[in-house]
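Architecture at a glance
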Amino acid sequence: MTITVSQINRWKQEGRAIAALTAWDYLSAQLVDAAGVDIALVGDSLAMPVLGYETTVPLTLDEIIHHAKAVRRGLSNAFMVVDLPFLSYQVSPEQALVTAGKVMKETGTQGVKLEGGHPAMAATVARLTQIGIPVMGHVGLTPQSVHQFGGFRKQGKTAKEAERILQEAQALERAGAFAIVLEHIPQDVAKAITQTLGIPTIGIGAGPHCDGQVLVTSDLWGLSEWQPPFAQPLADLRSQAINAVQQFCNQVRQTP
Ligand SMILES: Nc1nc2c(c(=O)[nH]1)N[C@@H](CNc1ccc(C(=O)N[C@@H](CCC(=O)O)C(=O)O)cc1)CN2
Ligand SMILES: CC(C)(CO)C(=O)C(=O)O
Ligand SMILES: [Mg+2]
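About the criteria used
- Residues numbered from 1 in each chain as written.
- Chains lettered and ligands numbered in written order.
- Predicted model: local features only at pLDDT ≥ 70, side-chain atom pairs only at ≥ 80, totals over all residues.
- Heavy atoms only, no water.
- UniProt positions renumbered as here; feature names shortened; annotations may be inferred.
- 1 Å grid on protein atoms, 1.4 Å probe; cavity = no way out; pocket = protein on both sides within 12 Å on 5 of 7 lines; lining within 4 Å.
- Points joined across faces, edges and corners; volume = space filled by probe spheres on them.
- Helix = DSSP H or I, 4+ residues; strand = E, 2+ residues; numbered from the N terminus.
- Nonpolar A, V, L, I, M, F, W, Y, C, P; charged D, E, K, R; others polar.
- Buried < 20%, exposed > 50% of the residue type's maximum accessible area, 1.4 Å probe, protein only.
- Arc of directions from axis to C-beta.
- Contact = heavy atoms within 4.5 Å.
- Donors = N, O, S within 2.8 Å, 3.2 Å for Na, K, Ca; no water.
- Near = heavy atom within 4 Å.
- Polar contact = N/O pair within 3.5 Å; in protein donor to acceptor, adjacent residues only side chain to side chain.
- Areas by Shrake-Rupley, 256 points an atom, 1.4 Å probe, with all protein chains shown as cover.
- Sits in = over half its atoms within 2 Å of the grid points.
- Pairing = 2+ DSSP bridges.
- Right-handed = clockwise from strand over helix to strand, strands pointing away.

- An unreviewed UniProt entry lists the chain under the name 3-methyl-2-oxobutanoate hydroxymethyltransferase, with Adonisia turfae CCMR0081 as the source organism.
- You can read under Sequence similarities (unreviewed entry) in the UniProt record for the chain the words "Belongs to the PanB family."

Printed below as a string of structure tokens:
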């Protein structure tokens, strides 16, 4: 049962919600895949909870490829998508093509994701999809623009901004994107975009009316040292992990 882009598109038409989670290595990939997630995203968010950077901006192409190769080895069912890091695709459509091609060849991913939906980025997405690379879009709070936004702030709060985000999503659909992530925007804006588009929307901090949801898996597990307000942990692995280490230290230090 391998998941394909056409399957993902059919799920929208059938009203079957799409579950996506991030993975950053062999272990996390195996766990989300075994649990039956539909899409495993090697998100550039790995820069933050996993590598300890303050934003996703410093992550390099070589770093994400190294992680994505490990994720590939851990997946058997989920559709794999890899984020293109900051400045590995924004210079020109040619740069994006070379980067996406390198990621596909070296990691074995089925698709890539990039941020933004302004006309230049839509043209880049068109270029990639024309040569057969499945592209997932990402609009709203696009974390690679954090310094322009002045923080990881909710986007699309004014009618004008909301309209711009809708236009960007439509441009990405026309460019051939197979799905679009909507991050940290008001739920009514996400709902309107979801109803307008023929391709699935995958929300994060965008309310319940999207065609699917994505979370950073370390947030879901309660493993991140910090998480966005919209991420609800469903486990508390951080305290369990610390507890196990404390028990180990105590055992080792017990004088026989
Ligand atoms: N681990 C973790 N890291 C991440 C993401 C995640 O999903 N989880 N996703 C990306 C970053 N996205 C966000 C989105 C919202 C917030 C957030 O916390 N926002 C607050 C504070 C905003 C501000 O600084 O003003 C708010 O109330 O809106 C932080 C990172 C990349 N890194
Ligand atoms: C899940 C999402 C959309 C959060 O920003 C992402 O792009 C990532 O993890 O890198
Ligand atoms: Mg990302």
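Let us keep going from here.
Points about the layout of surface pockets
- If you add up the space inside the largest pocket, you get close to 580 Å³.
- As for the largest pocket, its lining consists of 32 residues, and the residues nearest its centre are S45, M48, E183, V216 and P228.
- Elements represented by at least two residues in the lining of the largest pocket include exactly β6 (179-183) and β8 (212-215).
- By volume, the second largest pocket is sized at about 290 Å³.
- Those elements giving two or more residues to the lining of the second largest pocket turn out to be α6 (146-149) and α7 (159-175).
- Top contributing element to the lining of the second largest pocket by residue count: α7, with three residues.
- Of the residues in the lining of the second largest pocket, the class split is five nonpolar, ten polar and three charged.

Side note on helix α8 (residues 187-196)
- When α8 is considered as a whole, its buried residues turn out to be V189, A190, I193 and T194. With its buried residues spanning 135° around the axis, α8 presents them on a single face. Those residues of α8 that are exposed and aimed more than 90 degrees away from the buried face are D188 and Q195.
- Considering only its buried residues, α8 is in contact with α1 (5-14), α7, β6 and β7 (201-204).

Focus: the UniProt feature "binding site: 3-methyl-2-oxobutanoate" (unreviewed entry) in the chain
- The UniProt feature table records "binding site: 3-methyl-2-oxobutanoate" (unreviewed entry) at D44, S45, D83 and K113. Maximum C-alpha separation among the annotated residues is 12.3 Å over a sequence range of 70 residues, consistent with a single clustered spot. Lining residues of the largest cavity drawn from the annotated list: S45.
- Every residue in contact with S45, bar those within four places of it in the chain, is listed here: T22, T56 and V216.

Considerations on the coordination of the magnesium ion (ligand 3)
- Within the first shell, the magnesium ion (ligand 3) binds the protein through D44 (OD) and D83 (OD), at distances of 2.1 to 2.2 Å. Residue D44 is found in the loop between β2 (39-42) and α3 (61-74), and its partner D83 is found in strand β3 (residues 79-83); the two are separated by 39 residues along the sequence.
- Judged by its relative accessible area of 3%, D83 falls in the buried class.

Some words on the site of ligand 1
- Taken together, 17 residues form the shell around ligand 1, and within it M48, F152, E183, H184 and D219 come nearest.
- The backbone of F152 places a nitrogen or oxygen atom 3.1 Å from a nitrogen atom of ligand 1.
- Within the side chain of H184, a nitrogen or oxygen atom sits 2.6 Å from an oxygen atom of ligand 1.
- If ligand 1 stood free it would expose 670 Å²; the protein chains cover 79% of that surface.

Structural notes on the site of ligand 2
- Neighbouring residues of ligand 2: 14 residues in total, closest D44, S45, D83, K113 and E183.
- In the model, an oxygen atom of ligand 2 is placed 2.6 Å from a nitrogen or oxygen of the S45 side chain.
- When ligand 2 is considered free in solution it has 280 Å² of accessible area, and contact with the protein chains removes 96% of it.
- A majority-of-atoms criterion places ligand 2 in the largest pocket.
- A per-class count over the shell around ligand 2 returns six nonpolar, four polar and four charged.

Here we look at the pairing of strand β5 (residues 135-140)
- The buried fraction of β5 amounts to six of the six residues, a majority that puts the element mostly inside the structure.
- Across two bridges, the pairing between strand β4 (residues 111-113) and β5 is parallel. Counterpart to K113 in the pairing with β5 is M136.
- In this fold, the crossover linking β4 to β5 by way of helix α5 (residues 119-130) has right-handed handedness.
- Direction of pairing for β5 relative to β6: parallel, over a ladder of five bridges. When the bridges of β6 are listed, M136 appears paired with A179.

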